[in-house]
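These are the residues of each chain, in order.
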Amino acid sequence: MSEKKEIVLSGIRSTGNLHLGNYFGALRKFVAIQDNYDCNFFVADLHALTTSPDPEALHANVKNIIAEYLAAGLDPEKSTIFIQSDVPEISEMYLLLNMHVGIGELMRTASFKDKARKALGLGSAADNESEEAFEKEIIGAETNKRVNAGLLTYPTLMAVDILIQKATKVPVGKDQLQHLELTRRFARRFNNFYGVDLFPEPTDFDFGGAPVKVPGLDGSGKMGKSEGNCIYLIDEPKALRKKVMRAVTDEGPQAPDSPMSEPVANLFSLLELTSAPEVVESFRKSYADCSIRYGDLKKQLAEDILAITTPIRERVADILADDAYIANVVRRGAEKARERAAATLSEMRHIMGIRKF
């Protein structure tokens, strides 16, 4: 009898195309674990609604991400690939779990505060006089600058995504660690309140080794859609080369063995991810002896990135042209995801006293 595999779950909001950070930080790792874990990868279209996207754009983004998942190597024969809204049990469990979640603990989450301030046009946390002032701004916000309830209860929905599949391993970034801790708290609270052992407490998936940081092209920080500093997996060669050539640098080293500025160090980080070791070493030597030409480095970097993204971009185009294939993948994925979700929801309803006569 085969050993039962641990359940891994990860989702991405349908707010745009996937970028190089998604690929090196997550997708490539997901492809590598498909044989050894019970993998579940979904497109979080319900989460995307917290930012009120255009309906046509939302639908197109969902389709694009599914195609990019598949093109990057996620295999529907090995993993469950589905769309969040195709599993209606999630929405019902979201309501039920909210009955065990406090408004205060949701309002204290860092991501809610940050996103609420942006929605209201407020400054950073340091610019606000107090938590009380911030809460008054939320309660008294005008209709055209409201903070929707979905944004507040985002951690509950994320917890449901995880708990309804009884996932034990959840790969998350630093910005989602607080939400994962809330998921563990909600699981404990429900189990203790009813005296049951329904939900396991999930942990962050440790892929081993140092975490991969993929910097953006703007000279600081990580690559991200909201920062506008991305190289997308579907970028055409001309557009990709243009982006890389415009990446922020500095005036160049002024003395041998000078320390690198952050923008230049970021370019070398991208080079280490995408280029051969001998290429990286050659540019490091030229930086150390002050002979480096940033234009040459950027040209090399662009071509090495294209060597990775071009096969993916071409597969994405082929997949997007085959609506029947995409529909079959998400239908099968929804069936598999709903099977476990329905069982968990049935148990939860029974435990909470919602039973048929």
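Check the entry above for the structure.
In this report, the structure presented in the accompanying data block is examined. The structure displayed is predicted, hence computed values, not measured ones. (Residues numbered from 1 in each chain as written. Predicted model: local features only at pLDDT ≥ 70, side-chain atom pairs only at ≥ 80, totals over all residues. Heavy atoms only, no water.)

## A look at helix α1 (residues 20–33)
Structurally, the α-helix is built with 3.6 residues per turn, so residues lying three or four positions apart point the same way. With 14 residues, α1 should cover 20 Å at 1.5 Å per step; its first-to-last C-alpha distance of 19 Å lies within 8% of that length. Ala-26 marks the point of greatest bend in α1, at about 35°. Along α1, the positions that sit buried rather than exposed are Leu-20, Gly-21, Asn-22, Tyr-23, Phe-24, Leu-27, Phe-30 and Ile-33. (Helix = DSSP H or I, 4+ residues; strand = E, 2+ residues; numbered from the N terminus. Expected span 1.5 Å × (residues − 1). Bend = angle between axes of the 7 residues up to and from the residue. Buried < 20%, exposed > 50% of the residue type's maximum accessible area, 1.4 Å probe, protein only.)

## Digging into unusual backbone geometry
Its identity is not glycine, yet Lys-166 carries a phi of approximately 55°, on the positive side. In this structure, Lys-166 sits in the loop between α9 (154–163) and β4 (169–170). Exposure remark for Lys-166: the relative accessible area of 24% places this residue in the partly exposed category. A positive phi is found at Asp-257, a non-glycine position, where the angle reads about 60°. Here Asp-257 lies in the loop between α11 (237–245) and α12 (262–274). A residue is classified by how much of its surface remains accessible, and Asp-257, at 62% relative accessible area, is exposed.

## A look at the packing of aromatic side chains
A full pass over the atoms with the stated rule returns eight aromatic pairs. Relative to Tyr-194, the ring of Phe-193 has its centre 4.8 Å away and its plane inclined at 75°; by these criteria the two rings are edge-to-face. Given a relative accessible area of 60%, Phe-193 falls into the exposed group. Taken together, the ring pairs connect Phe-190, Phe-193, Tyr-194 and Phe-199 into an aromatic cluster. (Phe/Tyr/Trp six-rings, centres within 6.5 Å; stacked < 30°, edge-to-face > 60°.)

## Some details on the packing of helix α4 (residues 88–98) against helix α15 (residues 323–351)
The contact between α4 and α15 brings their axes to 9 Å, and the two run at 30°. With respect to α15, the element α4 is oriented roughly parallel. At the point where α4 passes α15, the crossing takes the left-handed sense. For the pair formed by α4 and α15, the contact residues are Pro-88, Glu-89, Glu-92, Met-93, Leu-96 and Leu-97 on the first element and Arg-338, Ala-341, Ala-342, Thr-344, Leu-345, Met-348 and Arg-349 on the second. For the contact of α4 with α15, the residue count by class is eight nonpolar, one polar and four charged. (Axes fitted to C-alpha atoms, helices over the stretch in contact; angles between N-to-C directions. Parallel < 35°, antiparallel > 145°, perpendicular 65-115°, else oblique. Left-handed = near helix turned anticlockwise from the far one by under 90°. Contact = heavy atoms within 4.5 Å. Nonpolar A, V, L, I, M, F, W, Y, C, P; charged D, E, K, R; others polar.)

## A short note on the environment of Ser-275
Position of Ser-275 relative to the elements: it lies in the loop between α12 and α13 (277–288). Looking at Ser-275, the relative accessible area reads 11%, which means it is buried. Distance from Ser-275 to Pro-253, taken between C-alpha atoms, is 22 Å for residues 22 residues apart in sequence. Discounting residues that sit within four places of it in the chain, Ser-275 has contacts with Val-280 and Asp-304. In this structure the side chain of Ser-275 is engaged in a polar contact, spanning 2.5 Å, whose partner is the side chain of Asp-304. (Polar contact = N/O pair within 3.5 Å; in protein donor to acceptor, adjacent residues only side chain to side chain.)

## Examining the environment of Ser-10
Tracing the chain through its elements places Ser-10 in strand β1 (residues 7–13). Judged by its relative accessible area of 10%, Ser-10 falls in the buried class. The spatial distance from the C-alpha of Ser-10 to the C-alpha of Val-170 is 6.1 Å, given a sequence separation of 160 residues. Excluding residues within four positions of it along the chain, Ser-10 makes contact with Phe-30, Asn-40, Phe-41, Phe-42 and Pro-171.

## Structural notes on the pattern of salt bridges
The full count for this structure, using the stated rule, is 18 salt bridges. We note a salt bridge from Arg-188 to Glu-201, for which the minimum N-O separation is 2.8 Å. Placement of Arg-188 in helix α10 (residues 177–194) and of Glu-201 in the loop between α10 and β5 (203–204) is noted, with a sequence separation of 13 residues between them. Judged by relative accessible area, which is 33%, Arg-188 ranks as partly exposed. The structure contains a network of salt bridges with shared partners spanning Glu-181, Arg-184, Arg-188 and Glu-201. (Salt bridge = Lys/Arg side-chain N within 4 Å of Asp/Glu carboxyl O.)

## A closer look at the nonpolar core
General note: in soluble globular proteins, nonpolar side chains tend to be found buried as a group. In this structure, Leu-20, Leu-27, Ile-66, Tyr-69, Ile-231 and Phe-268 are the most contacted members of the largest nonpolar core, which totals 55 residues. Looking at this core, the element that brings in the most residues is helix α14 (residues 294–320), giving nine residues. Sequence-distant contacts of Leu-20, that is, excluding residues within four places in its chain, are made with Val-214, Met-223, Ile-231, Leu-233, Leu-270, Ile-305 and Thr-309. By size, the runner-up hydrophobic cluster in this structure holds 40 residues, among which are Phe-112, Leu-151, Leu-182 and Ala-337. (Core = buried A, V, L, I, M, F, W, Y, C linked by side-chain atoms within 4.5 Å.)

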